[in-house]
Amino acid sequence: MKANQVIGASVLFQGLPEHQIKEIVDIIIERTYGKGESIFFEGDPGHGFYMVGEGKVKIFKMSLGGKEQILHIFGEGEPFGEVSVFHGHPFPASAEALSPTKVLYFPRDKFVALVSRNPSIALNMLAVLSLRLRRFTVQIENLSLKEVPARLAGYILYLLKEQGREDSVELEISKGQLASLLGTIPETLSRIFAKMTEEGLIEVVGRRINILDRRGLEAK
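Everything numeric here is computed off the predicted structure, so don't read it as measured data.

J.: I'm lost on the sheet that holds strand β1 (residues 29-33) in this one. Help?
T.: By definition, the strands of a sheet pair up through backbone hydrogen bonds, in either a parallel or an antiparallel sense. What the four strands build is an open sheet, ordered β1-β8-β3-β6; its pairing is antiparallel. Edge strands, defined here as strands with exactly one partner in the open sheet, are β1 and β6 (79-80). Two elements, strand β3 (residues 48-54) and strand β8 (residues 101-107), share six bridges in a ladder whose sense is antiparallel. Bridge pairing in β8 places Y50 opposite Y105. Together, β3 and β8 form the strand contacts of helix α4 (residues 108-117), whose direction differs from that of β8 by roughly 65°.

J.: So what exactly am I meant to see when it comes to the environment of F13 here?
T.: Relative to the helices and strands, F13 is located in the loop between α1 (3-9) and α2 (18-27). Its relative accessible area of 0% is what places F13 among the buried residues. Distance in space between the C-alpha atoms of F13 and P79 is 10 Å, their sequence separation being 66 residues. Residues within four places of F13 in sequence aside, it is in contact with I7, I21, I24, M51, F106, F111, I121 and N124.

J.: Where do I start with the UniProt feature "domain: Cyclic nucleotide-binding" (unreviewed entry) in the protein in this structure?
T.: Under the UniProt annotation, the feature "domain: Cyclic nucleotide-binding" (unreviewed entry) is placed at residues 12-121. Along residues 12-121, the helical share is 25% and the strand share 37%, with 7 Å between the first and last C-alpha atoms.

J.: Teacher, can you tell me more about the domain arrangement of the protein here?
T.: It is common to report an interface's size as the accessible area lost on association of the parts. On domain assignment, one finds that the protein holds domain 1 (3-135) and domain 2 (146-219). Spacing between the C-alpha centres of domain 1 and domain 2 amounts to 28 Å. Summed over both sides, the interface of domain 1 with domain 2 buries roughly 710 Å², with 53% coming from carbon and sulfur. Taken together, the links from domain 1 to domain 2 amount to one salt bridge. Linking E172 and K56 is a salt bridge whose minimum nitrogen-to-oxygen distance equals 2.7 Å. Applying the counting rule to domain 1 against domain 2 returns five residue pairs in polar contact (both at pLDDT 80 or more). Tallying contributions element by element places strand β5 (residues 68-74) first for the side of domain 1 that touches domain 2, with five residues.

Calculation notes
- Residues numbered from 1 in each chain as written.
- Predicted model: local features only at pLDDT ≥ 70, side-chain atom pairs only at ≥ 80, totals over all residues.
- Heavy atoms only, no water.
- Pairing = 2+ DSSP bridges.
- Helix = DSSP H or I, 4+ residues; strand = E, 2+ residues; numbered from the N terminus.
- Contact = heavy atoms within 4.5 Å.
- Axes fitted to C-alpha atoms, helices over the stretch in contact; angles between N-to-C directions.
- Buried < 20%, exposed > 50% of the residue type's maximum accessible area, 1.4 Å probe, protein only.
- UniProt positions renumbered as here; feature names shortened; annotations may be inferred.
- Domains from an automatic or database assignment.
- Buried area = accessible area lost by both parts, 1.4 Å probe.
- Salt bridge = Lys/Arg side-chain N within 4 Å of Asp/Glu carboxyl O.
- Polar contact = N/O pair within 3.5 Å; in protein donor to acceptor, adjacent residues only side chain to side chain.

Right, dumping it as structure tokens:
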């Protein structure tokens, strides 16, 4: 998909007229990354933000002991690192390509000048940041108050809604990455998948999860 199509379809810029989309396209820089390649590290200067053009990007933090905690996984049309636009501080987490990935980079100075001429862009950004805050709140609640089976059940139900399906979902990340996202380890996650299968809640076929008992999942 071309840059103008990605930008026009993104929630960050939806509803903007064509001439404003063109102004945005004029300031972006396209960059490509291989699977596993770092886009930025925690503590790097925040001179701009990014949007996924193609592929998948994970946002994560590393503990002093080397344990990874995935915070978000973003796909096509989703912005990341955008907090730097408002305060210019270093990035608070790291970003890495989960697959061959193309990103659109928005230099902070040029984007701020663009927003000053088009305040509607700022309103869209506030909406996106509000949604991110809500996601973080849910994630913190899940990690601190819910046991791992309930976290997994909640994530599967979230994927149902995100993918617009009724009885199956596709995992777009590895089970190891899913374990990190849910705040657990792969061995524990595998045991929970096996137990849910035994209970007749789900059926796992490769990366596809068939939902056999939705009410049972919701009760977790």
